[in-house]
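# Coordinate analysis (summary)
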Amino acid sequence: MSSSTVELTKDNFDQTVTDNDFVLIDFWAEWCGPCRQFAPVYEKAAEENPDLVFGKVDTEAQPELAQAFGIQSIPTLMIVRDKVAVYAQPGALPEAALTDLIGQARNLDMDEVRKSIATQQDQGGAAR
């Protein structure tokens, strides 16, 4: 299979996120036009970033996963670093935006991220 992306299911999802410290997840479905437009952009990014895991969740085949993450609209891109979701936004990103986003996610200081999550939780989760 030439695809650089990994099909994520409820059987391999936790393992994938636990075993890799940087996972991108594209929540998509066959019937979704914007998802199909985003697919080649995502695929190309996967080829350009072979050190990262690019996963895809077919929300039709994996409704439990979509539900678990509260996915309301697709495509939704999620980025998980060290088992922490650092980004989750719906919408098909253009190539430049995706490249930029991956760069930003790579540069995140995960200690800072964890600190800020802990702070938000201490404040009773009143983030935003």
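Described in the following lines is the structure provided in the data block. Think of each chain on its own: its residues are numbered from 1, step by step along the sequence as written. In keeping with the predicted nature of the model, local features appear solely for residues at pLDDT of at least 70, side-chain atom pairs appear and are counted solely at 80 or more, and the whole-chain, interface and lining totals rest on all residues. Think of the side-chain values as coming from all heavy atoms in the structure, minus any hydrogens and water.

### Section: the environment of Ala 45
Each helix is a run of DSSP H or I of at least 4 residues and each strand a run of E of at least 2, with the numbering of both proceeding from the N terminus. Position of Ala 45 among the secondary structure elements: in helix α2 (residues 33-48). It is 7.7 Å that separates the C-alpha atoms of Ala 45 and Leu 98, two residues lying 53 residues apart in sequence. The criterion used for residue contact is that any of the two residues' heavy atoms lie within 4.5 Å. Those residues within four positions of Ala 45 in sequence are excluded, and the remaining contacts are Phe 54, Leu 98 and Ile 102.

### Digging into the packing of α2 against helix α4 (residues 95-107)
Viewed as axis vectors pointing N to C, α2 and α4 meet at an angle of 40°, and their least axial separation amounts to 10 Å. If you check the angle between α2 and α4, you find them oblique. Crossing of α2 against α4: the hand is right-handed. On α4, the residues that touch Phe 38, Val 41, Tyr 42, Lys 44, Ala 45 and Glu 48 of α2 are Glu 95, Leu 98 and Ile 102. Among the residues making up the contact of α2 with α4, the classes are represented as six nonpolar, no polar and three charged. Every axis corresponds to a line fitted to the C-alpha atoms, with the helix fit spanning only the stretch in contact, and the corresponding angles, defined between N-to-C directions, vary from 0 to 180 degrees. Roughly parallel covers angles under 35 degrees, roughly antiparallel covers those over 145, roughly perpendicular covers 65 to 115, and oblique covers all other angles. Throughout, a crossing is termed right-handed when the near helix is turned clockwise from the far one, and left-handed when it is turned anticlockwise from it by less than a right angle. Just so you know the grouping, Ala, Val, Leu, Ile, Met, Phe, Trp, Tyr, Cys and Pro go in nonpolar, Asp, Glu, Lys and Arg go in charged, and all remaining residues, Gly too, go in polar.

### Comments concerning the pairing of strand β3 (residues 53-58)
Exposure classes here rest on a 1.4 Å probe applied to the protein chains alone. A residue is buried below 20% of its type maximum, exposed above 50%, and partly exposed in between. Counting buried residues in β3 gives six out of six residues, a clear majority hidden from the surface. At least two bridges found by DSSP between two strands is the condition for calling them paired. Where strand β1 (residues 5-7) meets β3, three bridges bridge the pair, whose relative direction is parallel. Within β3, the residue paired with Thr 5 across the bridge is Phe 54. Two elements, strand β2 (residues 22-28) and β3, share six bridges in a ladder whose sense is parallel. Bridging from a neighbouring strand, Ile 25 pairs with Gly 55 of β3.

### Considering the pattern of salt bridges
Opposite charge on two side chains makes pairing possible when the charged atoms of those side chains draw close. Salt bridges are identified by distance alone: a Lys or Arg side-chain nitrogen within 4 Å of an Asp or Glu carboxyl oxygen. Here the structure, examined in full by the defined rule, presents eight salt bridges. A salt bridge links Asp 26 to Lys 56; its shortest N-O distance comes to 3.0 Å. One end of the pair, Asp 26, is in strand β2; the other, Lys 56, is in strand β3, with 30 residues separating them in the sequence. In this pair, the class of Asp 26 matches that of Lys 56, namely buried. Linking Asp 51 and Arg 106 is a salt bridge whose minimum nitrogen-to-oxygen distance equals 2.8 Å. Placement of Asp 51 in the loop between α2 and β3 and of Arg 106 in helix α4 is noted, with a sequence separation of 55 residues between them. Through salt bridges with shared partners, a single network forms among Lys 44, Glu 48 and Glu 95.

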